[in-house]
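As a plain string of letters, each chain reads:
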Amino acid sequence: MTTRAGFVALIGEPNAGKSTLLNRMVGAKVSIVTHKVQTTRARIRGVAMEGDAQLVFVDTPGLFQPRRRLDRAMVAAAWGGAADADVIVLLIEAHRGMTEGVERILVELGNIAKGRRVALAINKIDRVEAPVLLGLTEKMNAAFDFTETFMISAERGHGIDTLRQWLAGEVPEGPWLYPEDQIADLPMRNIAAEITREKLTLRLHQELPYQLTVETENWEERKDGSARIDQLVYVVRDGHKGIVLGNKGETIKAVGKAAREELEEFLGRKVHLFLQVKVRANWLEEAERYSEMGLDFKDGND
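Since the structure is predicted, the reported quantities are computational estimates derived from the model, not experimental observations.

Parameters and conventions
Residues numbered from 1 in each chain as written. Predicted model: local features only at pLDDT ≥ 70, side-chain atom pairs only at ≥ 80, totals over all residues. Heavy atoms only, no water. Helix = DSSP H or I, 4+ residues; strand = E, 2+ residues; numbered from the N terminus. Buried < 20%, exposed > 50% of the residue type's maximum accessible area, 1.4 Å probe, protein only. Contact = heavy atoms within 4.5 Å. Areas by Shrake-Rupley, 256 points an atom, 1.4 Å probe, with all protein chains shown as cover. Core = buried A, V, L, I, M, F, W, Y, C linked by side-chain atoms within 4.5 Å. Phe/Tyr/Trp six-rings, centres within 6.5 Å; stacked < 30°, edge-to-face > 60°. Lys NZ or Arg CZ within 6 Å of the ring centre and 35° of its normal. Expected span 1.5 Å × (residues − 1). Axes fitted to C-alpha atoms, helices over the stretch in contact; angles between N-to-C directions. Parallel < 35°, antiparallel > 145°, perpendicular 65-115°, else oblique. Nonpolar A, V, L, I, M, F, W, Y, C, P; charged D, E, K, R; others polar.

Chemist: Go over the overall build of the chain with me, naming the residues and quoting the values.
Modeler: Of regular secondary structure, the chain possesses nine helices and nine strands. The buried share of the chain, taken over its 302 residues, is 53%. Taking all contacts inside the chain whose residues are at least 6 apart in sequence as the whole, residues at least 24 apart take part in 72%. Entry remark: accessible area of the chain is about 13900 Å², with carbon and sulfur atoms responsible for 47%.

Chemist: For the nonpolar core, give the residues involved together with the corresponding values.
Modeler: Counting residues in each nonpolar core, the largest one holds 26 residues, and the members touching the most others are Leu90, Leu106, Leu109 and Met140. Of all the secondary structure elements, the ones that give two or more residues to this core are strand 1 (4-12), strand 4 (87-93), helix 3 (100-112), strand 5 (117-123) and helix 4 (130-143). Of all hydrophobic cores here, the second largest spans 25 residues; its members include Leu22, Leu55, Leu91 and Ile152.

Chemist: An account of the packing of aromatic side chains is needed here, citing residue identities and associated values.
Modeler: Here the distance between the centres and the angle between the planes together describe a pair of aromatic rings. Scanning the model with the defined rule gives two aromatic pairs in all. When the centroid spacing of 4.9 Å and the interplanar angle of 50° are considered together, the rings of Phe144 and Phe146 count as tilted. Judged by relative accessible area, Phe144 falls into the buried class, the value being 14%. Using a relative accessible area of 7% as the deciding quantity, one classes Phe146 as buried. Relative to Trp166, the ring of Phe150 has its centre 5.4 Å away and its plane inclined at 55°; by these criteria the two rings are tilted. In this pair, Phe150 is assigned in strand 6 (residues 148-151) and Trp166 in helix 5 (residues 160-170), connecting sequence segments 16 residues apart. Residue class for Phe150 comes out buried when judged on its relative accessible area of 8%. On the basis of relative accessibility, which here comes to 14%, the residue Trp166 falls in the buried class. Against the face of Phe274 rests Arg228, its NZ or CZ located 4.0 Å from the ring centre.

Chemist: So what about helix 8 (residues 250-267)? Which residues, and what values?
Modeler: Along an α-helix, residues three or four apart share an orientation, since each turn contains 3.6 residues. Compared with the 26 Å implied by 1.5 Å per residue over 18 residues, the 25 Å span of helix 8 between its first and last C-alpha is a close match. When we look at burial in helix 8, the residues that qualify are Thr251, Ile252, Val255, Gly256, Ala259, Glu262, Leu263 and Glu264. The inward-facing, buried residues of helix 8 abut helix 6 (188-204), strand 8 (227-235), helix 7 (238-245) and strand 9 (271-279). Once helix 8 finishes, Gly268 follows within two positions and takes phi at roughly 70°, a positive value.

Chemist: I'd like to hear about the packing of helix 1 (residues 18-26) against helix 5, residue by residue, with values.
Modeler: Across the interface, helix 1 lies against helix 5 with an axial gap of 10 Å and an inter-helix angle of 75°. On the basis of the axis angle, helix 1 is roughly perpendicular to helix 5. For the pair formed by helix 1 and helix 5, the contact residues are Leu21, Arg24 and Met25 on the first element and Ile160, Leu163, Arg164 and Leu167 on the second. Of the residues belonging to the contact of helix 1 with helix 5, the class tally is five nonpolar, no polar and two charged.

Shown next, in the form of structure tokens:
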């Protein structure tokens with residue numbers, strides 16, 4: 001049997017559907033999905049098997065115009081993930097078409113994609129008519145020399161199998177990089193933190209932007225097979241702490257319950273989750289917080 005294995009980078013603007021696509025490809029929820037932009041911070045890798053090929057997906061933060069240190073570190077991580085990959089997939093939204101952001105990505109892609117195969121995946125195809133799709137395909141392929149173009153709906157699963165089969169044929173021959181039953185290389189502590197952060201983001205919507213982070217402080221395996229997980233939610237202001245806690249602590253309770261239920265489903269066993277909210281005014285400037293998120297603090301420099 002000839003095995004194949006390689007890294008696939010999914011790149012695109014925020015909210016293009018990269019996390020949804022990764023979860024579809026892997027068949028499990030490893031990258032958090034919310035409707036807020038910039039929710040994916042770390043280069044979470046999901047591992048998918050397709051025939052004799054192992055595809056290791058690098059889910060990169062959305063590419064956008066960075067303003068703050070955290071933004072710059074995220075964009076650097078995204079391009080770093082693409083530069084290290086064997087195959088790159090650019091994901092764009094059918095109904096938004098070739099935006100300014102996509103045009104900027106194409107310019108940068110020209111610099112880093114030399115010698116690499118780059119596929120275009122047009123997502124959310126159910127939102128537009130066929131002639132619009134064909135026009136967009138022509139326009140994108142005139143702007144960049146894509147190896148292949150795929151029409152997909154990550155949410156509904158349309159076209160995903162075709163894309164995965166193509167990727168399986170494109171990654172290099174070689175031994176598998178991960179045990180077959182392993183779906184993500186991010187330590188479970190990080191995945192647990194991401195799940196809680198997703199629940200916070202969904203619950204708080206616009207009230208609290210990106211100035212919070214979650215860390216798994218302690219993970220204890222218990223004799224009865226359950227796990228005790230202690231997490232810290234860092235916010236930058238006292239006022240934010242009140243928002244996260246909610247009236248009589250009801251917000252943090254609801255978040256904890258939703259996160260615990262998803263963790264139990266993910267791990268397939270009972271979980272005892274304890275959340276604490278702490279004010280840490282300058283966490284956005286602390287190198288340690290960045291390494292927790294899989295980002296390089298230095299990448300955030302001006």
